[in-house]
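Now for the letters of each chain:
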Amino acid sequence: MGPTRHDLLTIGQLSARSGLAASALRYYERMGLISADRTTGNQRRYARATLRRIAFVRAAQRVGLSLEEARTALDRLPEDRAPSTAEWGEVAGTWHERIDRQIEELQLLKRKLTGCIGCGCLSLSRCALYNAGDRAGATGPGARYLLTGDPADGPAPGAATTEH
């Protein structure tokens, strides 16, 4: 037996309970993240389990997953009930590697920012965050662009420079 009309939420109720605007819920529905039944008057009605799906999507976004990645994960979970421990464990396990990669990237960014504190270049065009390959640094120590000119025309790796 399916849900009774008392078990279903209108879009307004779902919006109030989830904290998402009705427009976001309609977008989630178009993306396949949630689904609704329609009344004879073509109004949306959502199962209460939809609140769990929305919470899942918001948790996925907090760890940096895209809505597409959240949808892929949701496709592996039951739509009409809470997932079992095993079902949830399988999906959550796929996030571990992604989160570990994000942590590594953030730690690298933190190290680069820490280096920027003492760098003093104050130049986005020369900054190691924007000049990740450090094209100028490959030509030797010191302020390479001050010695050779504009960063756009600056030294290529291995180019000889003349200091004055």
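Anything mentioned here points back to the structure above.
Residues numbered from 1 in each chain as written. Predicted model: local features only at pLDDT ≥ 70, side-chain atom pairs only at ≥ 80, totals over all residues. Heavy atoms only, no water.

Let's shift gears to the overall build of the protein chain. Each helix and strand counted, the protein chain has 6 helices and 3 strands in total. Pairs at least 24 apart in sequence give 41% of the contacts found in the protein chain among residues at least 6 apart. For the protein chain, the exposed surface amounts to about 11000 Å²; the carbon and sulfur share of it is 53%. (Helix = DSSP H or I, 4+ residues; strand = E, 2+ residues; numbered from the N terminus. Contact = heavy atoms within 4.5 Å. Areas by Shrake-Rupley, 256 points an atom, 1.4 Å probe, with all protein chains shown as cover.)

Together, L106, L109 and L113 give the surface a local cluster of nonpolar side chains, amounting to about 270 Å² of exposed area. Position of L106 relative to the elements: it lies in helix α5 (residues 85-119). Judged by its relative accessible area of 54%, L106 is exposed. (Patch = residues over 30% accessible without salt bridge, like charges linked within 9 Å, V, L, I, M, F, W, Y side chains within 5 Å. Salt bridge = Lys/Arg side-chain N within 4 Å of Asp/Glu carboxyl O. Buried < 20%, exposed > 50% of the residue type's maximum accessible area, 1.4 Å probe, protein only.)

So, on to the packing of aromatic side chains. Using the criterion set out here, one finds 3 aromatic pairs in the structure. Taking 5.4 Å as the distance between ring centres and 85° as the angle between the ring planes, the aromatic pair formed by F56 and W88 counts as edge-to-face. Highlighted residues: F56 in helix α3 (residues 50-62) and W88 in helix α5, separated in sequence by 32 residues. Note on F56: relative accessible area 7%, which makes it buried. Measuring from ring centre to ring centre gives 5.2 Å for F56 and W95, while their planes differ by 45°; the resulting arrangement is tilted. Separated by 39 residues along the polypeptide, F56 in helix α3 and W95 in helix α5 bring together distant segments of the chain. On the basis of relative accessible area, W95 is assigned to the buried category, the value being 9%. An aromatic cluster is defined as three or more aromatic residues linked by ring pairs; in this entry it consists of F56, W88 and W95. (Phe/Tyr/Trp six-rings, centres within 6.5 Å; stacked < 30°, edge-to-face > 60°.)

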